[in-house]
There are 2 protein chains.
Amino acid sequence: MKQVNILAGGPPEFYPDQLFKLKGEWIGVDRGNLRLLGADITPQLAVGDFDSMTATELNQLKKKVSRVLQVNPIKDETDTELALKQANTLLHADKIDLYGMTGGRLDHFLSNLLMFLKPDFKEVAPKVRLIDRQNIILFLLPGVHHLVNIGDYKYLSFVSLGNVTELTLPDEKYRLHKQTDLYPTAYVSNEFLNSTATVSFVSGMVAVIYSRD
Amino acid sequence: MKQVNILAGGPPEFYPDQLFKLKGEWIGVDRGNLRLLGADITPQLAVGDFDSMTATELNQLKKKVSRVLQVNPIKDETDTELALKQANTLLHADKIDLYGMTGGRLDHFLSNLLMFLKPDFKEVAPKVRLIDRQNIILFLLPGVHHLVNIGDYKYLSFVSLGNVTELTLPDEKYRLHKQTDLYPTAYVSNEFLNSTATVSFVSGMVAVIYSRD
């Protein structure tokens, strides 16, 4: 079971506790690389356009990290998309956790959330979690899923991210039966009633958000 | 031109500077009310389930605010949706700015972003801005729009929120011509080339995000 963590450049106040003690290999995205090096972690791979780094910072990064992929800012693919592809194909990750994606620019956050709708990223979506200090987001493909109650997170929310049919929440505090959404819809502040919660749907993608106040 | 500001309970570190010096009337949502009272602002209306407030806090609120709408947590409508409807119908707002919606629970943020896709909120969407310290989000309906370059925000991003057809960005740094998106898609880190930028599309809704590092 190979774990890969990707750290982007969002503000450190949003990291979960003990981030740098996590197991697994690391990929840094843009300024996330500097944060990793600052914590004495050498990423397997550094990705970014690095336009927010000084020449000195970039040179230091290139000395320490053996694989640096410098992307052109004029591109179809974002830094995070490239990092995710590399986690999958180069590092053969079984599980991928994304950090440093929240608390700053909302365009970055939305881009990182919506990328999983792209056909290229559907396959990798079920391996991924997007995590910050208050939230854990999972991405579900059609089928029946059993979510595990993580005691520390009171709220359980579901966001249909486009063309979701027959969304069913049979055993949560607030139930839903074969809901079909014509546009992205957020069902928030639901809660577990048991140690697991079931969610099923027939098409589309659903983001599940565990959150706490 | 009547301005109404709505303050939700997100963390104060995300407020833009000088928030409490803004002109206009206020609606507080949940703990946002306590922040308004703490800044010597009495909201026209307080909305919320108030389940995160103590009985003492709620009593103080009820003494000071003449209109308090206490909603049931088991409901189809979120607090913010109710606040927005009241801004429109009770206070007859011409412009509505939303604060305190970011930096905390991501389910809350996504719910507040996606509510504008609901048929009930399409009419009000063009009056609304969602603002925090780094971002300003606008919601556009189909047509041709001319966005004004606000010098302080380097980046201009476009997020098609569902069923957007013929999205065209003719005069930005990165251009797009009659793009039709089958699923929500983020076009991020674009930039103004001139004092205004044009965006047009034929159906659906587009969120425009002004952002800065």
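Residues numbered from 1 in each chain as written. Chains lettered and ligands numbered in written order. Predicted model: local features only at pLDDT ≥ 70, side-chain atom pairs only at ≥ 80, totals over all residues. Heavy atoms only, no water.

Considerations on the packing of aromatic side chains
Evaluation of the coordinates by the stated rule reveals 14 aromatic pairs over all chains. An aromatic cluster of at least three residues, connected via ring pairs, comprises Tyr15, Phe20, Trp26 and Tyr99 of chain A. Between the NZ or CZ atom of Arg133 of chain A and the centre of the ring of Phe14 of chain A, over which it lies, the distance is 4.3 Å. A cation sits over an aromatic face here: Arg105 of chain B above Tyr155 of chain A, 3.7 Å from the ring centre. (Phe/Tyr/Trp six-rings, centres within 6.5 Å; stacked < 30°, edge-to-face > 60°. Lys NZ or Arg CZ within 6 Å of the ring centre and 35° of its normal.)

Quick look at the interface of chain A and chain B
Each side of the interface is counted separately: chain A has 43 residues, and chain B has 42 residues. For the chain A and chain B pair, buried surface summed over both sides reaches about 3300 Å², with 65% attributable to carbon and sulfur atoms. Looking only at chain A, the three residues that lose the most surface to chain B are Arg105, Leu106 and Tyr183 of chain A, adding up to 19% of its buried area. Inspection of the chain A/chain B interface yields two salt bridges. The shortest N-O distance in the salt bridge between Asp213 of chain B and Arg105 of chain A comes to 3.3 Å. Taken together, chain A and chain B are joined by 16 residue pairs in polar contact (both at pLDDT 80 or more). Here the element with the most residues in the side of chain A that touches chain B is helix α4 (residues 106-114) of chain A; it accounts for eight residues. Grouping the constituent residues of the side of chain A that touches chain B by class yields 21 nonpolar, 14 polar and eight charged. (Contact = heavy atoms within 4.5 Å. Buried area = accessible area lost by both parts, 1.4 Å probe. Salt bridge = Lys/Arg side-chain N within 4 Å of Asp/Glu carboxyl O. Polar contact = N/O pair within 3.5 Å; in protein donor to acceptor, adjacent residues only side chain to side chain. Helix = DSSP H or I, 4+ residues; strand = E, 2+ residues; numbered from the N terminus. Nonpolar A, V, L, I, M, F, W, Y, C, P; charged D, E, K, R; others polar.)

Some details on α4 of chain A
Most of α4 of chain A sits out of view: eight of its nine residues are buried. Residues of α4 of chain A that are buried: Leu106, Asp107, Phe109, Leu110, Ser111, Asn112, Leu113 and Leu114 of chain A. (Buried < 20%, exposed > 50% of the residue type's maximum accessible area, 1.4 Å probe, protein only.)

Notes on the sheet that holds strand β6 (residues 128-131) of chain B
All names here are of chain B. The mixed open sheet is built from 10 strands, whose spatial order is β4-β3-β2-β1-β5-β6-β7-β14-β9-β12. Two strands bound the open sheet, and with one partner strand each, they are β4 (68-70) and β12 (185-190). Strand after strand, the sheet turns through a mean of 20° between neighbouring axes, direction not considered. (Pairing = 2+ DSSP bridges. Axes fitted to C-alpha atoms, helices over the stretch in contact; angles between N-to-C directions.)

Here's the deal with the environment of Gly28 of chain B
Residues and elements named next belong to chain B. Mapped onto the fold, Gly28 is located in strand β2 (residues 25-29). Given a relative accessible area of 0%, Gly28 falls into the buried group. Note: C-alpha distance between Gly28 and Val68 (40 residues apart in sequence) is 9.5 Å. Setting aside chain neighbours within four positions, we find Gly28 in contact with Leu7, Asn33, Leu36, Pro43, Leu45, Ala46 and Val47.

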